[in-house]
Protein chains: 2
Amino acid sequence: MNDKLSMTFSALADPTRRAILVRLTKGESNVTELAKPFLKKMSLPAITKHLKVLENAGLIVKTKEAQYRSCEINTKPLDEATLWMDQCREVWVESFDRLDDYLKKLQNTKTNRGKKYGKGKKR
Amino acid sequence: MNDKLSMTFSALADPTRRAILVRLTKGESNVTELAKPFLKKMSLPAITKHLKVLENAGLIVKTKEAQYRSCEINTKPLDEATLWMDQCREVWVESFDRLDDYLKKLQNTKTNRGKKYGKGKKR
DNA sequence: TTAATGTTTAACCTATTGGTTAATTAACCG
DNA sequence: CGGTTAATTAACCAATAGGTTAAACATTAA
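Here the structure is a predicted model, which means the values were calculated and not measured. Positions within a chain are numbered from 1, following the residues in the order the chain's sequence is written. For this description, chains carry letters from A and ligands carry numbers from 1, given in the order in which they are written. Totals for whole chains, interfaces and linings use all residues, but because this is a predicted model, local features are given only for residues with pLDDT of at least 70 and pairs of side-chain atoms are given and counted only at 80 or more. For the side-chain quantities, the full set of heavy atoms in the structure was used; hydrogens and water were omitted.

Trainee: In this structure, what is going on with the packing of aromatic side chains? I would like to understand it.
Mentor: To describe a pair of aromatic rings, one takes the distance between the centres and the angle between the planes. Only rings of Phe, Tyr and Trp enter the pairing, Trp through its six-membered ring, and a pair is recorded when the two centres are within 6.5 Å. The plane angle decides the type: under 30 degrees is stacked, over 60 is edge-to-face, the rest tilted. Tallied over the entire structure, the rule returns 3 aromatic pairs over all chains. A ring pair is formed by Phe-9 of chain A and Trp-84 of chain A, whose centres lie 6.1 Å apart and whose planes are at 75°; its orientation type is edge-to-face. Of the two residues, Phe-9 of chain A is situated in helix 1 (residues 4–12) and Trp-84 of chain A in helix 5 (residues 76–89); the sequence distance between them amounts to 75 residues. One aromatic cluster in this structure is built from Phe-9 and Trp-84 of chain A together with Phe-9 and Trp-84 of chain B. By definition, any uninterrupted DSSP run of H or I lasting at least four residues is a helix, any uninterrupted run of E lasting at least two residues is a strand, and each is numbered from the N terminus.

Encoded structure:
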């Protein structure tokens, strides 16, 4: 899992990490502050790891401030993810506007002894 | 990983599965057809598993047609994911419109012997 | 009925994930 | 300096993910 998009989605696939991100929309925060709501559920190192995942995905930026590590949200990866999803929502609609495509498919099926895929009658 | 959102993001966190989804935006297809572009890389059962993940996330719907399993994309989970992301993009902006919040924070720091989090001077 | 095609299941393997506790590093403060 | 607070690293563990091959199941076609 090396590509940007996979890392983004993977980072978002955990409720703790998502909660941290939402928390960060209300303003930057350091690790202990961020961890506070989760310390009944898990340890501080667990949070450190989650933050590392978010950081690797580019979803947060950490900056040193004295002993503290200030975390800030970075929404750019979200934009790319959204973009991909949008592309994915442009679904092919079976309509007579697309008669061309339909006829081409039909043509193909002749040579395909009974195979009814691609674009069969819906259900 | 039981919640809907986690399942959606997790399903999208794999390039093979994303490619399958994109493929399905061009129209429904059966398993062997879907698998075709990947069979140099992986086996058919691998694809079956990927499809199961997508199905569990509600991103595809499979319907029996004779021996075939016709897969159709369902973009509803994408909508929910996008909605979450949008919420996450509404970032708190440090501005003088929010002077109230700022002053409250400042008030708190008095009792907090030198702790500079929450909303410190940005960098 | 048998053969062929499409798809899934079973059993297994390895790497990764998400968590733990204990120890370590880093910076500040009295 | 020595203690306290902030955060990470190390070493470990169990569960899950993603892949494999071989076998099984389902439906059609001959």
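Trainee: Got a minute to help me understand the protein's contact with DNA strand C in this structure?
Mentor: To be near a molecule or strand, a residue needs just one of its heavy atoms within 4 Å of it. The environment of DNA strand C is formed by 23 residues, the closest being Ser-43, Lys-49, His-50 and Gln-67 of chain A together with Thr-32 of chain B. By atom count, sugar and phosphate contribute 71% of the portion of DNA strand C lying within 4 Å of the protein. For DNA strand C, a phosphate oxygen lies 2.6 Å from a polar atom in the side chain of Ser-43 of chain A. Whenever two N or O atoms come within 3.5 Å, that pair is a polar contact, provided that in protein one can donate a hydrogen and the other can accept it, and provided that, for residues adjacent in sequence, both atoms are side-chain atoms. One of the side-chain N or O atoms of Lys-62 of chain B is found 2.9 Å from a phosphate oxygen in DNA strand C. Throughout, the ten residues Ala, Val, Leu, Ile, Met, Phe, Trp, Tyr, Cys and Pro are labelled nonpolar, Asp, Glu, Lys and Arg are labelled charged, and all others, Gly among them, are labelled polar. Across the surface near DNA strand C, the residue classes tally to 9 nonpolar, 7 polar and 7 charged.

Trainee: What is the right way to read the relation of the copies chain B and chain A from this model?
Mentor: Between the two copies of the chain lies a rotation about an axis combined with a shift along it. Least squares is the method used to superpose the copies, on C-alpha atoms of residues holding a pLDDT of at least 70 in both. Overlay of chain B on chain A (RMSD 0.0 Å): rotation 180°, translation along the axis 0.0 Å. Between the two chains, the operation in question is that of a two-fold axis. We call two residues contacting when some pair of their heavy atoms lies within 4.5 Å. Residue by residue, 98% of the interface of chain B is reproduced at the interface of chain A, so both copies engage with the same surface.

Trainee: Teacher, can you tell me more about unusual backbone geometry here?
Mentor: Leave glycine aside and you will find that most residues have negative phi; peptide bonds, for their part, are mostly trans. All names here are of chain A. For Ala-66, which is not glycine, the phi dihedral falls at a positive 55°. As for its placement among the helices and strands, Ala-66 is situated in the loop between strand 2 (60–65) and strand 3 (68–73). Buried, partly exposed and exposed residues are distinguished by accessible area as a fraction of the type maximum, computed with a 1.4 Å probe on protein chains only: under 20%, between the cut-offs, and over 50%, respectively. Here Ala-66 falls in the exposed class, since its relative accessible area comes to 61%.

Trainee: How should the protein's contact with DNA strand D be read in this particular structure?
Mentor: Thr-32 of chain A together with Ser-43, Lys-49, His-50 and Gln-67 of chain B are the nearest of the 23 residues found near DNA strand D. The sugar-phosphate share of atoms of DNA strand D within 4 Å of the protein amounts to 70%. In the model, a phosphate oxygen of DNA strand D is placed 3.3 Å from a nitrogen or oxygen of the Val-31 of chain A main chain. A distance of 2.3 Å separates a base oxygen of DNA strand D from a polar side-chain atom of Lys-49 of chain B. Contributions of two or more residues to the surface near DNA strand D are made by helix 3 (31–35), helix 4 (44–56) and strand 3 of chain A together with helix 4 (44–56) of chain B. Counted by class, the surface near DNA strand D contains 9 nonpolar, 7 polar and 7 charged residues.

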